[in-house]
Amino acid sequence: MSLPHAILTALLEKPSSGLELTRRFDRSIGYFWSATHQQIYRELGRLEEAGLIRALPSAQPARGQKKEFEVLPAGSAELARWVGESQDPKAVRDPLLLRIRAAAVVGPGGLALELRRHLELHQRQLAVYEAIDAKDFPPERTADEDRLRRLVLHGGMALETFWLRWLEEALEVVGDMDPERPGPSAPEA
């Protein structure tokens, strides 16, 4: 249910075409909520059909011309309702965690290399977030909407920092293991 709300949020920030939305997802919203181009276009159709958004009238209708969408009052009301809704946190589903669990059964061969690769990926992502923070949120930007956007960014930074600490710990643990030794039999979960 969150993709329609991500799209409503983006369109309330700025009416956009599907292509523009896709680009905005790639540059900002996609850092914490990803969607493919096809998912975005499909959801735009559903939101329009539900009466939550509408295509803006164009000055010169032409075949293949991109449609820009805006949020209707019903869309704003739906987004406000959703913001106040209660929702439980989602369980983490990360293949790396499952691979580490599997290494307990079959041995850690090759795991250290993958952990180092993940460490580098998280270092790069943290650097991206820090650059966005420095560029887009100077101290004088104190409007409520800026503070909330920055809060989301800081959440991303905190998650990257967590992963960096955890991956360093994982590398220490795996570094102490013999990669050729098969793991023990799996204990009951």
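Residues numbered from 1 in each chain as written. Predicted model: local features only at pLDDT ≥ 70, side-chain atom pairs only at ≥ 80, totals over all residues. Heavy atoms only, no water.

With that settled, consider the overall build of the protein chain. When helices and strands are tallied, the protein chain shows seven helices and three strands. For the protein chain, the succession of helices and strands along the chain, N to C, is α-β-α-α-β-β-α-α-α-α. For the protein chain, with 189 residues in total, the buried portion stands at 29%. Counting every atom, the protein chain has about 13000 Å² of accessible surface; 56% of that belongs to carbon and sulfur. (Helix = DSSP H or I, 4+ residues; strand = E, 2+ residues; numbered from the N terminus. Buried < 20%, exposed > 50% of the residue type's maximum accessible area, 1.4 Å probe, protein only. Areas by Shrake-Rupley, 256 points an atom, 1.4 Å probe, with all protein chains shown as cover.)

A separate point is the packing of aromatic side chains. Counting across every chain of the model gives two aromatic pairs. Relative to W166, the ring of W163 lies with its centre 5.6 Å away and its plane at 90 degrees, an arrangement referred to as edge-to-face. Note that W163 and W166 are positioned in helix α7 (residues 144–175) at a spacing of three residues, about one turn of the helix. Of the residues examined, W166 reaches a relative accessible area of 22% and is grouped as partly exposed. Linked through ring pairs, F162, W163 and W166 together constitute an aromatic cluster. (Phe/Tyr/Trp six-rings, centres within 6.5 Å; stacked < 30°, edge-to-face > 60°.)

Next up on the list: the packing of helix α5 (residues 95–106) against helix α6 (residues 111–136). The geometry of α5 relative to α6 is characterised by a closest axis approach of 11 Å and an angle of 160 degrees between their N-to-C directions. As summarised for this structure, α5 and α6 are arranged roughly antiparallel, according to the angle between their axes. For the crossing formed where α5 meets α6, the hand is left-handed. Contacts from L96, R99, I100 and A103 of α5 reach α6 at L111, E114, L115 and H118. Counted by class, the contact of α5 with α6 contains five nonpolar, one polar and two charged residues. (Axes fitted to C-alpha atoms, helices over the stretch in contact; angles between N-to-C directions. Parallel < 35°, antiparallel > 145°, perpendicular 65-115°, else oblique. Left-handed = near helix turned anticlockwise from the far one by under 90°. Contact = heavy atoms within 4.5 Å. Nonpolar A, V, L, I, M, F, W, Y, C, P; charged D, E, K, R; others polar.)

Strands sit in the order β1-β3-β2 across an open sheet of three strands; the sheet is antiparallel. If you trace the sheet from one side to the other, it starts and ends with β1 (16–17) and β2 (53–55), each paired once. Across two bridges, the pairing between β1 and strand β3 (residues 68–71) is antiparallel. Paired with S17 across the two strands is E68, which belongs to β3. Strands in contact with helix α1 (residues 2–13) are β1, β2 and β3; relative to β3, the strand with the most contacts, it is inclined by about 100 degrees. (Pairing = 2+ DSSP bridges.)

Okay, the side chain of H122 next. When you line up the elements, H122 lands in helix α6. With sequence-adjacent residues up to four places away left out, H122 is seen in contact with E160, W163, L164 and L167.

We now examine the nonpolar core. Membership of the largest hydrophobic core comes to 18 residues, with the highest contact counts inside it found for I7, L11, F25, L44 and I53. Residue contributions to this core peak at six residues, all from α1. If we ignore the near neighbours within four places in the chain, the residues touching L11 are S16, L21, L44, I53, F69 and V71. Grouped together as the second largest cluster of nonpolar side chains are 16 residues, Y129, F137, M157 and V174 included. (Core = buried A, V, L, I, M, F, W, Y, C linked by side-chain atoms within 4.5 Å.)

With respect to the helices and strands, L115 occurs in helix α6. Taking relative accessible area as the criterion, L115 reaches 0% and is therefore assigned buried. Linking L115 and V174, residues 59 residues apart in sequence, is a C-alpha distance of 9.1 Å. Not counting residues within four places of it along the chain, the set of residues in contact with L115 comprises L96, I100, L167, A170, L171 and V174.

A separate point is the pattern of salt bridges. Taken as a whole and assessed by the stated rule, the structure comprises 14 salt bridges. Residues joined by salt bridges that share partners form a network here, namely E13, R24, R141, D146 and R149. (Salt bridge = Lys/Arg side-chain N within 4 Å of Asp/Glu carboxyl O.)

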